[in-house]
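Here is how the chains run, residue by residue.
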Amino acid sequence: MTDHGSTEGHSAGNGVQFTFDGQIVRARPGQTFAGALHDAGIHTLSRSFKYHRPRGLFCVTGRCPNCMCSVNGEPNVRVCTRKPAAGDVVKPQNAWPSVRFDIMSIFDKMHRLLPVGFYYKTMHKPRFMWPIFESVIRRIAGLGEVDLSNGGSEQYDKLNLFTDVVVVGGGLAGLNAAYAAAEAGADVILIDDQPTLGGHVQHDPGSIDVHELAVRYQIMAHPRIQTFVSSTAFGLYEENYVAVQQGNRMIRIRAQQTVVASGGWERPYVFENNDLPGVLLASGAQRLLQQQGCKFDGPIVIVTDQPIGYRLADQLKQKGMHVAALVDLHDQPQGAIEGLRVLAGHTIQAASGKSHVTGAAIVPTRGGTMQTIPCQWIIQAVGFTPATSLLYQSGCKLKYNADLDQHQVTEWAQGVHSAGAVNGYHEPLVCVKDGTRAGLAAANALGLLTTDLTKRLTQLESEISQSTRDCKPTASYISNSKDKKKFVCICEDVTEKDLCDAIDEGYANIETLKRYSTISMGPCQGKMCQSASIAICARHKGIDIEAVGTTTSRPPEQPVPLGVLAGQAPHFSLIRRTAMHHWHEEAGARFLDAGTWKRPERYTDPHDEYQAVRKGVGLIDVSTLGKIELRGPDVVKFLEFIYPNRFANLAIGKVRYGAICDEAGILLDDGMICRLDEERFYLSTSTGNADAIDSWFRWWLTAKPQWDISMTNMSTALSGMNLAGPHSRDVLRRVSTGDVSNEALPYPSVKLLDVAGVPAIVLRIGFVGELGFEIHVPSQYGLHVWNTLMEAGKDFDIKPFGVEAQRRLRLDKKHLLPGVDTDALSNMYDADLPWIVKLDKEDFIGRWSLNRIKERGPKQKLIGFKLEGTTVPDEASLIVKQGSLVGRVTSVRYSPAAGSIVGLAWVPIESSKNGDIIDIRHAGQSLKAVVQDDPFYDVAGERLNS
Amino acid sequence: MPASRMWRDHELKESYDVVIIGGGVHGLATAYYLTKLGVKNIAILEAKYIGFGGSGRNTAIIRSNYRTPEGIAFYDHSVKLYEQLALDLDFNVMFSQHGHLTLAHNERGVTGLRERAHTNQLMGIDSRLIQPREIQELCPMMNVFGPQRYPIQAALYHPPGGIIRHDAVVWAYARGADRGGAHVHQLTEVNDIETPNGAVSAVVTNRGRIKTGIVLNATAGYASTICDMVNIPLALETHPLQAFVSEALKPWLHHVIVSSTLHIYISQSDRGELVSGAEVDDYLSYSLRGTLAFAEGGATHLLELFPFLANVKMLRQWAGLCDMTPDYSPIMGPVDEIKGFYITVGWGTYGFKAGPASGHLMAQCIQSGKTPKMLEPFLNSRFLRDQLVGEKAAASVSH
Ligand SMILES: Cc1cc2nc3c(=O)[nH]c(=O)nc-3n(C[C@H](O)[C@H](O)[C@H](O)COP(=O)(O)OP(=O)(O)OC[C@H]3O[C@@H](n4cnc5c(N)ncnc54)[C@H](O)[C@@H]3O)c2cc1C
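Residues numbered from 1 in each chain as written. Chains lettered and ligands numbered in written order. Predicted model: local features only at pLDDT ≥ 70, side-chain atom pairs only at ≥ 80, totals over all residues.

### Quick word on the overall build of chain A
Keep this limit in mind: For helices the rule is a DSSP run of H or I covering at least 4 residues; for strands it is a run of E covering at least 2, with both sets numbered from the N terminus onward. Atoms counted for the radius of gyration: C-alpha only. Globule rule: 2.2 Å times the number of residues to the power 0.38. Exposed residues have 12 or fewer other C-beta atoms within 10 Å of their own C-beta, buried residues have 20 or more, and partly exposed residues fall in between, where C-beta atoms are placed from the backbone. A pair of residues counts as a contact when their C-beta atoms, built from backbone coordinates, are within 7 Å of each other.
Helices and strands together make up the secondary structure of chain A, namely 25 helices and 49 strands. Computed over C-alpha atoms, the radius of gyration of chain A comes to 37 Å, more than 25% over the 30 Å expected from 2.2 N^0.38 for 946 residues, which places it beyond the range of a compact globule. Principal-axis analysis of the C-alpha atoms gives chain A an extent of 110 × 75 × 60 Å. Looking at chain A as a whole, 54% of its 946 residues are labelled buried. In chain A, the share of contacts with a sequence separation of at least 24, taken over all contacts with a separation of at least 6, comes to 66%.

Next up, the structure:
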């Protein structure tokens, strides 16, 4: 089964038209932008990063930066791998007024003034100059332009898959690995970034009998193989977690085994002007030739030390193109083709031409006179660098292999295998074998191999260890000339000279060299330049390549659009609504975000809601509270350990306020703890901390495996509502068959009751300082119970109330809100909760710290204050003493019950006594408030207990 | 030696007056300021290459709009030194003071920012709370009024805040230290510290033993591994912190934008790359591998603020290590237990901006043997005195 994804353009019979820099270009069916542009004779596609040099097609595999254009406003599109749709608008980047004539190419003339790292050495003196220079730099830096008008309307999605084996790369090795693993019984997913399977041999069949490719047809039909083409595996994360981009989709695959058969990246040869349009990599030229049906007009010079160079010459000649010469770096020609001029023992020193190649300067490798061969194309084939990024990412260890002049995996990460060219094998038949071996090895790790297959695996392993890896290039792929414009990194315009200069300055470590010269930090992330930069570093320092090391390869292997990473547009963010949400909406509630929840902030005037609770009855939705049930013989031990409070003595049917602190004694959260039965507790947490407390409990449960406790998070399973006010009992009575009298359900206690025909946990508690009941029912009945209470409350003028009224009500009682009135440094004593801490308990979290805090005495305290007048200071107003900051206000409101402004504030212990005056700074004024120990309402708590 | 030579390689000497462990901004800055105070016989020992740690991995946000008076005074000192650093070291460290915006998306967030604004102003820091309309004027590209899961309600605007070229700072300090006579030893790992009689006498490295009476632990994410060698427990935990950059784009974003509700911050470098990060990963680890979940989360949140970035590509993601203290403030100064043993650790997610100030003060501290006043609140003994410097609200996402 093959999935082509959405990018696979199925262009109609006649092809399509698009525009490039305003010019109309026609693409034949199946062609990429690059193929069409090449046919149209457009060879300058962009301007380079630093010097604004003209750049044209080079790798034609979507890796190098040269063909990055903007397509319909999308920046940095590699047009060599993208297919056009009719009417697409392609614009070159980093050029003005046009790519053919770019004013900024003046930098190319000034290169002597712009040596490596010049920006660190200039522009900072005098100091005021830098911002001016910088604003200029910020006008010319960067490549693509962001389309600020892009409305983000594209659709993105994600697909999650699980499989036995993922094979990355559908070349000969990958195909055979997939096939072997599947035949052995594994479920396989095969990923390839090209539109068709087959990899390198598709355009360079070489010695291979095309029948070998037959396996690819079997693969597409294989019931255990799922194939994704035009899909790039960009990340191999921990535990064989493979991330794949397929157009606008991200596929996340959890595999047991991964086979990386990612082949190689062709390595560029470093010579003067090697970045001119008209200079191409051999595999790029082959792609244009074989896949895009393109021609090369004018004479061609091939520079090579590999058989592929000869095969390419053959292909070109057969298609009627003019190969002026093949320059073979070896002293003895590596092949012979009739009528082909071969210059063995020669190398290229420079490309000539201004905006396109006009000639190749050729010299004998052992020195001698230079000759210039007029040509329009220079195609280079000097070997491959193994495409090891994914392997490196996965944690495999690589080592330099001097025989092959390559870095090779020597230690594989768990469950990771490699096969084919990435292992240094280029002979097609060896790749087939190595692929089969890797597929069998993956199946073997899954325990799938029969005795026969195990034998076959052993046999393949030994055969492969004897086969040669044939691609060792000649000594060096860096010309010896002393020229200035030998580009090692075409992404960032870093030359060989730049690297050598940087090393001389002291940036000799390869990682420092990278950061200073910016080599390998551009769009290709080192695919084009890594081998050459390491070789130059070694040569210049006179040390072994192995001693140079490598830079770190980091995800993504290919750049990934943020939309693909994010998925889904408009962007998905969780919104949680309670069971009563729509009721609130209809009642005209204004909502606020409490974490991921939506909560009614107010329905009408919070003052009226406040008065309803104080004088009659109100109902608030508290479903967003965290709710946890704990059962088991050791729950008491656990609670005694988690909370500074005591719970061993909590009677069945009783409720106790509890506060949790961390090891440092810092208050984390508070809530109500109910004992429903000997071994069954039910407790609540604040809305904002529900998830954190859940994790906190689980963390400590894991730390105490010997305790027999089961924990269930009921937060969303249950709806909660708080019925509060002098008439709350009257209302509850009407809808509950249970006894809710003060004797049967005193403050603070809990009962399982029937409310509105629904089994409910009813807590007699009073956060807002009135007679009140908190009713928890299964969420599916939340709305029903709410409606029933509202109906029953009509006679008492019941009002729903929101968070704002609740805040005012609780402030009257000086009840703190963790996280609002406390911060990451507020300990239990300072937060004025000393009565909670039972230091005589055997052990509990925070005991050691609280002990110390108690010994040294509090330094600051959360106090209540009263303020006369009408100016309500901001929450967060500072408290100052003799000009310096000593505290802050955390909550403040006008209180009708107290008849004045009341609030909570942190003050130094010296100013925390009842009656002390504190100085609150508000809008430049100083407001004098009075510290008050008692709550501002119902000091004796009569209303709670009524 | 060419004039442009940054730092040299040396043989290890048998003894140094001061040995600094860790070639990050803190170690190198301390060395540089020590040489200016006349202490020149210094070795900086770096296990890998200078800048290998957080100093080469951070997102280079510099600001002083902290929450506590102690923190604000300290970071303000650093910003002022940073403003002069390019001239002082004659190296363009590219300090861009384009302004720093911390967004609030809910009431609690607004209150927290308002408190900081008040405190900052009291301490003379340019910092104020601004409303959505002004946010939009400063950053016209941001989705301020469009549909958003958590609409922006206000921001703390800090004009002197900005970003810097972090590697340049590291290299320039290394050069400064080298010119002042200090030896920068790369690929030199400390394996043990000898402290007979409760005083430092030598460090043992993979290249040999060095005699010294003074050791400074400046190893950030690895700080506890060094303190383990001398049996000093530190109140810190090492967490990974991740970041990513986009491909280079023509600059369009000229502020640092931070949102703790969205767990994201973003800026654009002079090269045009968008640089973005989040909070620390919530697990303890020394792993330097990036995770997909981070990249996904970062992208999602970024697109809430800037929906047009959907087709912009992430180029590279990475992780660094952060030595997190419970109060999100550093630990600096001598330790009571061992004579000659100093620490500058607990730099968490926010330590790069502190390099100059801590280097400057630690140098004074080591040279004079007295703790400068500004360092006092940050001594290790504060944990036993229970006198923490609460910066969590100002330092968790907005490094
Ligand atoms: C992704 C990320 C983003 C960040 N963003 C910001 C930001 O925007 N603003 C900000 O101010 N801060 C930020 N930080 C934090 C900042 O990077 C660090 O706090 C700071 O760089 C620490 O500097 P340092 O010199 O103390 O340590 P490091 O730079 O970490 O250096 C410590 C060095 O010690 C070396 N070492 C360790 N063990 C040994 C040993 N045994 N022997 C010898 N050497 C050893 C290591 O190799 C390392 O080089 C960020 C951090 C990360 C990871």
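### A word on the pairing of strand β2 (residues 16-20) of chain A
All names here are of chain A. In plain terms, the rule: At least two bridges found by DSSP between two strands are what make those strands a pair.
Here β2 shows a buried face lined by V16, F18 and F20 and an unburied face lined by Q17 and T19. Relative to strand β3 (residues 23-27), β2 is paired through 5 bridges, and the arrangement is antiparallel. Bridged to Q17 within β3 is R26. Remark: 2 residues form the turn of the hairpin made by β2 and β3, two consecutive strands paired antiparallel; D21 in that turn has positive phi of roughly 50 degrees.

### A word on the domain arrangement of chain B
Residues and elements named next belong to chain B. Rules: Domain delimitation follows an automatic or database domain assignment.
If you check the domain split of chain B, you get domain 1 (18-58 + 166-235 + 327-395) and domain 2 (98-160 + 237-324). Taken over C-alpha atoms, the centre of domain 1 sits 29 Å from the centre of domain 2. Taken residue by residue, the interface counts 15 residues in domain 1 and 11 residues in domain 2. Going through the elements one at a time, α6 (223-229) and α10 (392-395) are the ones with two or more residues in the side of domain 1 that touches domain 2.

### Focus on the environment of V230 of chain B
All names here are of chain B. When you line up the elements, V230 lands in the loop between α6 and β13 (237-246). Between the alpha carbons of V230 and Y16 there is a distance of 19 Å; along the sequence they are 214 residues apart. Sequence-distant contacts of V230, that is, excluding residues within four places in its chain, are made with I193, T195, I338 and F341.

### Some thoughts on the environment of Y603 of chain A
Residues and elements named next belong to chain A. For Y603, the location among the structural elements is in the loop between β32 (597-602) and α18 (606-615). In the structure, Y603 is positioned 427 residues away from N176 in sequence and 67 Å away in space, judged by C-alpha atoms. Other than its neighbours up to four places away in sequence, Y603 contacts A587, G588, A589, E609, P800 and G802.

### A few points about the interface of chain B and chain A
In this assembly, 69 residues from chain B lie in contact with 74 residues from chain A. Of all the secondary-structure elements, those providing two or more residues to the side of chain B that touches chain A are α2 (69-89), α3 (107-122), α5 (166-179), α7 (292-305), β17 (313-324) and α10 of chain B. Sheet topology note: the strand β30 (residues 560-561) of chain A/β17 of chain B ladder contains 2 bridges and is antiparallel. Looking at β17 of chain B, one finds that P561 of chain A is bridged to K313 of chain B.

### Describing the site of the ligand
Residues and elements named next belong to chain B. The line we're drawing: For each residue, a C-beta position is placed from the backbone atoms; the residue is near a molecule or strand when that point lies within 6 Å of it. Classes in brief: Ala, Val, Leu, Ile, Met, Phe, Trp, Tyr, Cys and Pro nonpolar; Asp, Glu, Lys and Arg charged; the others, Gly included, polar.
Residues in close proximity to the ligand total 40 residues, the closest being G24, G53, G54, G320 and G351. With 3 residues, helix α1 (residues 25-36) is the largest single contributor of residues to the shell around the ligand. For the shell around the ligand, a count of residues per class yields 18 nonpolar, 17 polar and 5 charged. Built from parts of two domains, the shell around the ligand gets at least three residues from each of domain 1 (18-58 + 166-235 + 327-395) and domain 2 (98-160 + 237-324).

### Focus: α3 of chain B
Residue and element names in this part refer to chain B. Going by this rule: Here a helix's expected span is defined as the number of its residues, less one, multiplied by 1.5 Å.
Taking 1.5 Å as the rise per residue, α3 with 16 residues should run 22 Å; its terminal C-alpha atoms sit 23 Å apart, in good agreement. Every buried residue of α3 is accounted for by G109, V110, T111, G112, L113, E115, R116, A117, H118, T119 and N120. Looking one or two places after α3, you find G124, whose phi comes out positive at around 80 degrees.

### Some thoughts on the packing of helix α12 (residues 496-505) of chain A against helix α14 (residues 530-541) of chain A
Residues and elements named next belong to chain A. Which entries qualify depends on this criterion: Whenever a helix is involved, its axis is fitted only over the stretch in contact; in every case the axis is a line through C-alpha atoms, and angles between N-to-C directions fall within 0 to 180 degrees. Just so you know how the angles are binned, under 35 degrees is roughly parallel, over 145 roughly antiparallel, 65 to 115 roughly perpendicular, and the rest oblique. Here is the rule for handedness: rotate from the far helix to the near one, and if that takes an anticlockwise turn smaller than a right angle the crossing is left-handed, while a clockwise turn gives right-handed.
Look at α12 against α14: their axes get within 10 Å of each other, and the N-to-C directions meet at 50 degrees. On the basis of their axis angle, the class for α12 and α14 is oblique. Crossing geometry of α12 relative to α14 is assigned as right-handed. Contacts from E496, L499, C500 and I503 of α12 reach α14 at S533, I536, C537, H540 and K541.

### Focus: unusual backbone geometry
Residue and element names in this part refer to chain A. Each neighbour pair has its own omega, and for W96 with P97 the value is 0 degrees, a cis peptide bond. Within the secondary structure, P97 is located in the loop between β8 (89-92) and α2 (106-109). Each neighbour pair has its own omega, and for K125 with P126 the value is -15 degrees, a cis peptide bond. Checked against the element boundaries, P126 lands in the loop between α3 (118-121) and α4 (129-140). With a phi angle near 55 degrees, D493 is a residue other than glycine that sits in the positive phi range.

### Remarks on the confidence of the model for chain A
We count it as follows: pLDDT runs from 0 to 100 and stands for how confident the predictor is about each residue.
On average, residues of chain A score 93 in pLDDT, and 96% of them reach the 70 mark or higher. Below pLDDT 50 for its whole length, residues 6-12 of chain A participates in 12 contacts with residues either more than four positions away or in separate chains.

### What to know about the pairing of strand β25 (residues 397-401) of chain A
Residues and elements named next belong to chain A. Sheet topology places β25 next to strand β26 (residues 406-411); 5 bridges connect them, and they run antiparallel. Bridge pairing in β26 places Y400 opposite H407. Linking β25 back to β26 in an antiparallel pair, the connection comprises 4 residues, with D405 at a positive phi of about 55 degrees.

### Some words on the environment of L143 of chain A
Here L143 of chain A shows up in the loop between α4 and β9 (157-168). Residues L143 of chain A and D21 of chain A, spaced 122 residues apart in sequence, show a C-alpha to C-alpha distance of 16 Å. With residues near it in sequence (within four places) discarded, L143 of chain A still touches F49, M68, N76, Q93 and N94 of chain A together with E247, A248, L249 and G272 of chain B.

### Overview of helix α13 (residues 510-517) of chain A
Across the 8 residues that make up α13 of chain A, a large majority, 7, are buried. Buried residues belonging to α13 of chain A abut β29 (494-495), α12, α14 and α15 (545-548) of chain A together with α5 of chain B. Positive phi appears at T518 of chain A, one or two residues downstream of α13 of chain A, with a value of about 65 degrees.

### Comments concerning the sheet that holds strand β16 (residues 274-280) of chain B
The mixed open sheet is built from 9 strands, whose spatial order is β30(A)-β17(B)-β13(B)-β16(B)-β15(B)-β14(B)-β4(B)-β6(B)-β5(B). The sheet is open, and its two borders are formed by β30 of chain A together with β5 (128-130) of chain B, each paired with just one other strand. Here α7 of chain B sits on the sheet in contact with β13, β14 (256-259), β15 (264-268), β16 and β17 of chain B, set at roughly 115 degrees to β16 of chain B.

### Description of the sheet that holds strand β18 (residues 323-328) of chain A
Residue and element names in this part refer to chain A. If you walk across this open sheet you meet the 5 strands as β16-β23-β17-β18-β19, and the pairing is parallel. On the outer flanks of this sheet lie β16 (279-281) and β19 (342-344), each paired with one strand and no other. If you compare each strand with its neighbour and ignore which way they point, the axes differ by 20 degrees on average. Bridging between strand β17 (residues 300-304) and strand β23 (residues 377-381) involves 5 bridges; their strand directions are parallel. Bridge pairing in β23 places V301 opposite I378. Relative to the sheet, helix α7 (residues 282-291) contacts β16 and β23, its axis offset from that of β16 by approximately 90 degrees.

### Thoughts on the packing of α1 of chain B against helix α8 (residues 355-368) of chain B
Residues and elements named next belong to chain B. The N-to-C vectors of α1 and α8 enclose an angle of 50 degrees; their axes lie 7 Å apart at closest approach. Relative to α8, the element α1 lies oblique. The handedness of the crossing between α1 and α8 is right-handed. The segment α1 lies against α8, with V25, H26, A29, T30, Y32, Y33 and L34 engaging G355, P356, S358, G359, H360, M362, A363, I366 and Q367. Of the residues belonging to the contact of α1 with α8, the class tally is 9 nonpolar, 7 polar and no charged.

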